[in-house]
Amino acid sequence: MYILEINQLRKFLFELFLAIITAAIRKSPFDAFKTFNELNPSISDRHQWRQRYPTSFEFHSSSKLSPLFTILLFSSKMPSLAVKLYSIFFKFQQRYTLHNLTQIPVHAVDPFGITSRREESTAASNPSFYEGVATKDIHIDPFSSLCIRIFLPATVVNFDPTTIIEDKSKDGAFIYSGYSPQARTKHKRLPVVLQFHGGAFVGGSNDSVRNDAFCRRIANLCDVIVVAVGYRLAPESRYPAAFDDGLKVLNWLAKEANLAECGKWMGNGNRNGRRRADAHVFDGFGASMAEPWLAAHGDPSRCVLLGVSSGANIADYVARKAVEAGKLLDPVKVVAQVLMYPFFIGSSPTASEIKLANSYFYDKSMCMQTWKLFLPEEKFDLDHPAANPLIPGREPPLKFMPPTLTVVAEQDWMRDRAIAYSEELRRANIDAPLLEYKDAVHEFATLDVLLQTPLAQACAEDIAIWVKKYISLRGHEFSY
């Protein structure tokens, strides 16, 4: 009884402290960015102000906080003291979670799997255009918990995005208050980005608050349809479950594209025999077999893979399988991939792994523990193909890989191996630029408390600039 009360008190104090630090971290960079724009109205280009102020920002002097608290929370150097403090408690919480996961008996593993954990804060889907993006959740595999969340930007419609389209059934009993593609209308088609969230294979979800905010940002900046993949988590579903789920979603996207195309030819045209853009293939219950948003607005011939942390490992695997499949995936074509601070490791330690073994948020011991939870015990190896992309003999050869943008953080202990992988791609004559962010920590652009920082916003804009080279229909007019 006393142990239970102590644990509850510890959890309450821990969550209270995290709430205070989180609010402080979210507040300070926003004020810094706002103040910077007010003080420097002449600097319109983002790259100019990043070169001028790479790591520091000015604040209003009329702060109501005490000087000591102000110094603690609004330190100009990144990572600030507030971020460092949050990192300590974040690691404490993660170690506690990992300890609980190690207690799960092997015989209790459910093949159906789970895609999120109870402690993860989730954002509800909204099929109307909230903040310029409509979202919906789809469970696509009846034999597992694999699911997706679609992010559709408001640029696909020609009316006021605040308008709600009500789709009523015949009896008028059901009202769907959300976006539905209008019939007999030529729709705008957008590229598709398959996004794989982070969480070290054991946490995170495609509908978490932080992943929802990040995908909305990418959808707006790149003007693309984002499909966030909710893959199965370890240790309930160990390797290769998450990797297989990523490939299943790519195949599902190809199936949806083919169903949408078949609907235009199989007797759903007009009297002149011409194809209708809004035609679909229907099942025995009268429901459209093709997903309406993707059928109306998706362009799978311009598909980009985007992986965050452990999701970058999945994205790289899916890219390799797409290269091997070739035309079997038609009309889906992977034109590029983005790897954000990949979860790459290996048996031979690198300089950053030695120097930054106890880095912020995710240190080496925590990552090793997650890999033990993810890989089957009989297959555990730091040079496993899922962990180390540089082992010899991996197929297909790197010269066939799609263009790859790699994002790394200076304070990330796994950065060296990601840099080495990017260099190997460039040696194979692949367009593989590397973006390294000074003083940044692992998941600096996707962690919930850092999402609103200028560095996170700049990273998303950098990604959008590069991605538009390969999804543009007008001759790659965007240059990086």
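Per-chain numbering applies: the sequence of each chain, read as written, is numbered from 1 onward. In keeping with the predicted nature of the model, local features appear solely for residues at pLDDT of at least 70, side-chain atom pairs appear and are counted solely at 80 or more, and the whole-chain, interface and lining totals rest on all residues. Just so you know, side-chain values use all the structure's heavy atoms and leave hydrogens and water out.

Some details on the overall build of the protein
Part 1: Helix and strand assignments follow DSSP, with helices taken as H or I runs no shorter than four residues and strands as E runs no shorter than two, numbered in order from the N terminus. The helix and strand inventory of the protein stands at 12 helices and 10 strands.
Part 2: Taken across its 480 residues, the protein has 52% of its residues classed as buried.
Part 3: We call two residues in contact when some of their heavy atoms are within 4.5 Å. By sequence separation, contacts in the protein at least 24 residues apart represent 75% of the contacts at least 6 residues apart.
Part 4: In the structure as shown, the protein presents an accessible area of about 23000 Å², 56% of it carried by carbon and sulfur atoms. Burial classification: accessible surface area is computed with a 1.4 Å probe over protein chains only, and a residue below 20% of its type maximum counts as buried, one above 50% as exposed, and the rest as partly exposed. Per-residue and other accessible areas follow the Shrake-Rupley method at a 1.4 Å probe size, with only the shown protein chains counted as cover for residues.

Comments concerning the side chain of Thr-404
Part 1: Turning to its location among the elements, Thr-404 is positioned in strand 9 (residues 404-409).
Part 2: The exposure class of Thr-404 is buried, given its relative accessible area of 0%.
Part 3: For Thr-404, the side chain forms a polar contact with the main-chain oxygen of Pro-402, separated by 2.9 Å.
Part 4: In contact with Thr-404, other than residues within four places in its own chain, are Gln-337, Leu-339, Leu-425, Ile-430, Asp-431, Ala-432, Pro-433 and Trp-466. Distance and chemistry together define a polar contact, namely a pair of N or O atoms within 3.5 Å, with one atom able to donate a hydrogen and the other to accept it when in protein, and with adjacent residues in sequence counting only for side-chain atoms on both sides.

Section: the confidence of the model for the protein
Part 1: The predictor reports its confidence for every residue as pLDDT, a score running from 0 up to 100. For the protein, per-residue confidence averages 77 on the pLDDT scale, and 70% of positions sit at 70 or higher.
Part 2: Low pLDDT, under 50, characterises residues 168-172; the stretch is placed with three contacts to residues that sit more than four places away or in other chains.

Some remarks on the nonpolar core
Part 1: Residues enter a nonpolar core if they are buried and are Ala, Val, Leu, Ile, Met, Phe, Trp, Tyr or Cys, with the set joined through side-chain atoms within 4.5 Å. Counting 117 residues, the largest nonpolar core has Met-340 and Phe-444 as the members making the most contacts within it.
Part 2: Residue contributions to this core peak at 10 residues, all from helix 12 (residues 454-471).
Part 3: In contact with Phe-444, not counting residues within four places along its chain, are Tyr-341, Val-407, Val-408, Ala-409, Tyr-437, Leu-450, Thr-453, Leu-455, Ala-456 and Cys-459.

Quick notes on the sheet that holds strand 1 (residues 133-139)
Part 1: The mixed open sheet is built from eight strands, whose spatial order is 1-2-6-5-7-8-9-10. Single-partner strands in this sheet number two, and they are strand 1 and strand 10 (434-437). Across the sheet, the mean angle from the axis of one strand to that of its neighbour is 20°, orientation sign disregarded.
Part 2: Bridging between strand 8 (residues 334-340) and strand 9 involves four bridges; their strand directions are parallel. Counterpart to Leu-339 in the pairing with strand 9 is Thr-406.
Part 3: Orientation is described by axes fitted as lines to C-alpha atoms, over the contacting stretch for helices, and by angles from 0 to 180 degrees between their N-to-C directions. Together, strand 5 (190-196), strand 7 (298-308) and strand 8 form the strand contacts of helix 8 (residues 310-325), whose direction differs from that of strand 7 by roughly 140°.
Part 4: Each of strand 8, strand 9 and strand 10 is contacted by helix 11 (residues 415-427), which is oriented at about 155° to strand 9, the strand it contacts most. Strands are treated as partners if at least two bridges between them are detected by DSSP.

Remarks on the side chain of Ser-144
Part 1: Within the fold, Ser-144 resides in the loop between strand 1 and strand 2 (147-153).
Part 2: Within the structure, Ser-144 has its side chain in polar contact with the side chain of Asp-141 (distance 2.7 Å).
Part 3: A distance of 3.3 Å separates a polar atom in the side chain of Ser-144 from the backbone nitrogen of Leu-146.

Here's the deal with the pairing of strand 9
A regular strand places its side chains on the two faces of the sheet in alternate fashion.
Part 1: Where burial is concerned, most of strand 9 is hidden: six out of the six residues are buried.
Part 2: One ladder, built from four bridges, connects strand 9 with strand 10; its direction is parallel. Across the sheet, residue Val-408 finds its bridge partner in strand 10, namely Glu-436.
Part 3: If the strands point away from the viewer and the path from the first strand over the helix to the second runs clockwise, then the crossover is right-handed. Assessed by its sense of winding, the connection that carries the chain from strand 9 through helix 11 to strand 10 is right-handed.

Let's talk about the pattern of salt bridges
Part 1: When a carboxyl oxygen of Asp or Glu lies within 4 Å of a side-chain nitrogen of Lys or Arg, that pair is called a salt bridge. The full count for this structure, using the stated rule, is 18 salt bridges.
Part 2: One salt bridge in this structure joins Lys-255 and Glu-256, with 3.8 Å as the shortest N-O distance.
Part 3: Two residues, Asp-316 and Arg-320, come together in a salt bridge whose shortest N-O distance is 3.2 Å. With a gap of four residues between them, Asp-316 and Arg-320 both fall in helix 8, about one helical turn apart.
Part 4: Overlapping salt bridges, with partners in common, bring together Asp-137, Arg-149, Asp-212 and Arg-216 in one network.

Points about the packing of aromatic side chains
Part 1: When two rings of Phe, Tyr or Trp (its six-membered ring) have centres within 6.5 Å they constitute a pair, described as stacked for plane angles under 30 degrees, edge-to-face for angles over 60, and tilted for the intermediate range. Scanning all chains against the criterion turns up 14 aromatic pairs.
Part 2: Relative to Phe-343, the ring of Phe-201 lies with its centre 6.0 Å away and its plane at 80°, an arrangement referred to as edge-to-face. Of this pair, Phe-201 sits in the loop between strand 5 and helix 5 (209-222) while Phe-343 sits in the loop between strand 8 and helix 9 (351-355), placing them 142 residues apart in sequence. Residues Phe-201 and Phe-343 agree in their burial class; the two are buried.
Part 3: Considering the side-chain rings of Phe-201 and Phe-374, the 3.9 Å spacing of their centres and the 10° angle between planes classify their relative orientation as stacked. You can see Phe-201 sitting in the loop between strand 5 and helix 5 and its partner Phe-374 sitting in helix 10 (residues 364-374), a full 173 residues away along the chain. No difference in accessibility class separates Phe-201 from Phe-374, as the two residues are buried.
Part 4: Joined through ring pairs, the aromatic side chains of Phe-201, Tyr-239, Phe-243, Tyr-317, Phe-343, Trp-371 and Phe-374 make up one cluster.
Part 5: Geometrically, a lysine NZ or arginine CZ counts as sitting over a ring once it is within 6 Å of the ring centre and also within 35 degrees of the ring normal. Between the NZ or CZ atom of Lys-136 and the centre of the ring of Trp-293, over which it lies, the distance is 4.3 Å.

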